[in-house]
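Chains, contacts and geometry: an overview
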Amino acid sequence: MADLVLDRLEEKIRGLSPTQPECSIFRVPDQLRKINEKAYEPEMLAIGPYHRGKDHLIVIEEYKTRYLHKLLQRRTDISLSDYVMAMRASEERARKCYGGLINMDKDEFVEMMLLDGCFIVEVIRKNYIQELREVDDPIFKLGWMLPFIARDMLLLENQLPFFVLRKLFSMTDMPNNNQTNYNFFYMVLYFFYGILPGKACPRGDLGHDEIKHLVGFIHDNWLPSPAGMDAYKMNAERHSDWRFICCATEIQEAGIKFQKVEDGFLFDIKFENGVLKIPTLQIGDTSEAIFRNLIAYEQFAHNKNPTHILDYVKFMDCLINSSKDAELLRRRGIIDNWLGDDEVIATLINRLGDAVVLGDNFFYAEVFYKVNLHCSRRCNKWKAKLRHNYFNTPWAIISFLAAATLLGLTLVQTLFSVLAYFHQNQKPGS
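Residues numbered from 1 in each chain as written. Predicted model: local features only at pLDDT ≥ 70, side-chain atom pairs only at ≥ 80, totals over all residues. Heavy atoms only, no water.

**Quick notes on the packing of helix H3 (residues 58–74) against helix H5 (residues 106–128)**
Note the following rule: To get an axis, fit a line to the C-alpha atoms, keeping to the stretch in contact for a helix; angles then go from 0 to 180 degrees between the N-to-C directions. To qualify as a helix, a DSSP run of H or I must reach at least 4 residues; to qualify as a strand, a run of E must reach at least 2; elements of each kind are numbered from the N terminus. Our angle categories are set so that under 35 degrees counts as roughly parallel, over 145 as roughly antiparallel, 65 to 115 as roughly perpendicular, and the remainder as oblique. In this description, contact between two residues means that some pair of their heavy atoms is separated by no more than 4.5 Å. Under the grouping applied here, Gly and all other residues not named as nonpolar or charged are polar, the nonpolar ones being Ala, Val, Leu, Ile, Met, Phe, Trp, Tyr, Cys and Pro and the charged ones Asp, Glu, Lys and Arg.
Running from N to C, H3 and H5 cross one another at 70 degrees; their axes reach a closest spacing of 9 Å. Comparing the axis directions of H3 and H5 gives the class roughly perpendicular. In this structure, H3 uses Ile 60, Tyr 63, Lys 64, Thr 65, Tyr 67, Leu 68, Leu 71 and Arg 74 to contact H5, whose residues at the interface are Leu 114, Leu 115, Asp 116, Cys 118, Phe 119, Glu 122, Val 123, Arg 125 and Lys 126. In terms of residue class, the contact of H3 with H5 is built from 10 nonpolar, one polar and six charged.

**Some remarks on empty space enclosed by the protein**
Which entries qualify depends on this criterion: Computed over the protein atoms alone on a 1 Å grid, cavities are sets of points where a 1.4 Å probe fits but cannot get out and pockets are open sets with protein on both sides within 12 Å along at least five of seven lines; a residue lines them when it has an atom within 4 Å of a point. Grid points are joined across faces, edges and corners, and a volume is the space filled by probe spheres set on the points.
Across all of its chains, the model carries one cavity of 30 Å³ or more by this definition. The calculated volume of the largest cavity comes to roughly 30 Å³. Looking at the largest cavity, the residues that line it are Leu 32, Tyr 40, Arg 292, Ile 295, Ala 296, Leu 352 and Val 356. Here the lining of the largest cavity gets three residues from one element, more than from any other, and that element is helix H13 (residues 287–300).

**Brief notes about unusual backbone geometry**
Residues other than glycine predominantly adopt negative phi, and peptide bonds predominantly adopt the trans conformation. Under the convention used in this document: Only protein chains enter the calculation, and the probe is 1.4 Å; a residue is then buried if its accessible area is under 20% of its type maximum, exposed if over 50%, and partly exposed in between.
Look at Asn 273: it is not a glycine, yet its phi comes out positive at around 55 degrees. By the element assignment, Asn 273 lies in the loop between strand E2 (270–272) and strand E3 (275–279). Backbone geometry at Ala 355 places phi at a positive 65 degrees, although glycine is not the residue there. Residue placement: Ala 355 occurs in the loop between helix H16 (342–352) and helix H17 (365–376). For Ala 355, a relative accessible area of 44% corresponds to the partly exposed category.

**Things to note about the confidence of the model for the protein chain**
For clarity, the threshold we go by: pLDDT measures how confident the predictor is about each residue, on a scale from 0 to 100.
Per-residue confidence for the protein chain gives a mean pLDDT of 87; residues scoring 70 or more make up 82%. For the stretch residues 378–382, pLDDT sits under 50, and the model shows five contacts to residues farther than four places along the chain or on other chains.

**Focus: the sheet that holds E3**
We apply this condition: A strand pair is defined by DSSP finding two or more bridges across the two strands.
Taken together, three strands build an open sheet; the order of strands is E1-E3-E2 and the sheet is mixed. Only two strands of the sheet have a single neighbouring strand rather than two, namely strand E1 (257–261) and E2. The mean angle between the axes of side-by-side strands here comes to 30 degrees, regardless of whether they run parallel or antiparallel. Across three bridges, E2 lies against E3 in antiparallel orientation. Looking across to E3, one finds that Lys 270 is bridged to Lys 277.

**Description of the packing of helix H4 (residues 80–95) against H5**
Cut-off, in case you're wondering: Note on convention: the crossing is left-handed when the near helix lies turned anticlockwise from the far helix by less than a right angle, right-handed when the turn is clockwise.
Direction vectors running N to C along H4 and H5 enclose 110 degrees, while the axes themselves pass 8 Å from each other. Considering their axes alone, H4 and H5 lie roughly perpendicular with respect to each other. Read as a crossing pair, H4 and H5 show a hand that is right-handed. Seen from H4, the contacting residues are Leu 80, Tyr 83, Val 84, Met 87, Arg 88, Ser 90, Glu 91, Ala 94 and Arg 95; seen from H5, they are Lys 106, Asp 107, Phe 109, Val 110, Met 113 and Leu 114.

**Considerations on H16**
Inclusion rule: By definition, the arc is the one covered by directions from the helix axis to the C-beta atoms. Polar contact is the term for a pair of N or O atoms within 3.5 Å; when the atoms are in protein, one must be able to donate a hydrogen and the other to accept it, and sequence-neighboring residues count only if both atoms are side-chain atoms.
The complete set of buried residues in H16 reads Asp 342, Ile 345, Ala 346, Leu 348, Ile 349 and Leu 352. Angular distribution of buried residues about the axis of H16 spans 165 degrees; they occupy a single face of the element. The opening residue of H16 is Asp 341, an N-cap whose side-chain oxygen sits 3.3 Å from the backbone nitrogen of Glu 343.

Okay, here's the thing in structure tokens:
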């Protein structure tokens, strides 16, 4: 008698597809997407196959064709056929970069790479070289469009393989330019650094094969300073028992001061002599999407170390538990809020770290260790309790001062009464 379970399992095993090679462009997993789906969805521009054809993204499709047309007019020495052949030669390799099923035949895929790739390359180039912009180009004429296009180009699901972009940039580069790759890297950084929430230190040693797409490129160039990276490597295993720190208002009550670091790299946070030194974080319309997609890249790309962006978000999440914490950091110049009230900032920061897992090494373990050591000292605990119980509001301070004054007057009155008593008893005849 046949075993039905055995038959079904054997059929499933025979039906397995070959193991998919490691992909570099993939859909954001549901555990992250469900927190804020809009943060992973393009608002204006579809790049690659995942969001292709959505109704609200149709407008920019005509822009892509216009950009290709203008490019052909500018570089008459390279024909449209040359570009198509170059993309056909890259089609198989590029398709393997995507995770999941791609319902596009070869011709559709080649057309997509050419239109999307030329648009990206030309926007980045025209942003840097103003002379190439057409007078009637709305992307540069209307200032509001470019930041949202840049935002969409940093979505994890909205990518082309970097080797495709590099190939198209090389083909469309200006004649007699002998620094093509260097210029492209610099132009990409110049394009995106305007919308990043803080200053960072780019790498100068990235190999071409290391770069998978624009998200990966920005992640590996939006870095702490070399000194910060060296300190992280040295201290990675020193404080394996680090604990989370208290929020900003509680830390302040323990006597720790907050200081804005002028022109500092965003991720370089230090604790020195009772002062927590933090560079300014600029929070605007595109900040949440940028943070979420870079964190998703850190969580699900292979061998991303350090995960400095997630670690930074977790650090800020510890500091900000409420609008009061956000207000404190804003008043100190550490948060530059372009979104609205302090409650909005607190909610945004608190949700950025949801459904993610910290790595084995935490970038701010040394800072946490020093802050907790400071707060654990007995005199600082006493000061914190005193501030919390008696100096947390203006009315509490007034009440404390009134009570202290009344107590002082009572002591003085008692002292005078005692002195008067002794003086009377020491009179002759008493």
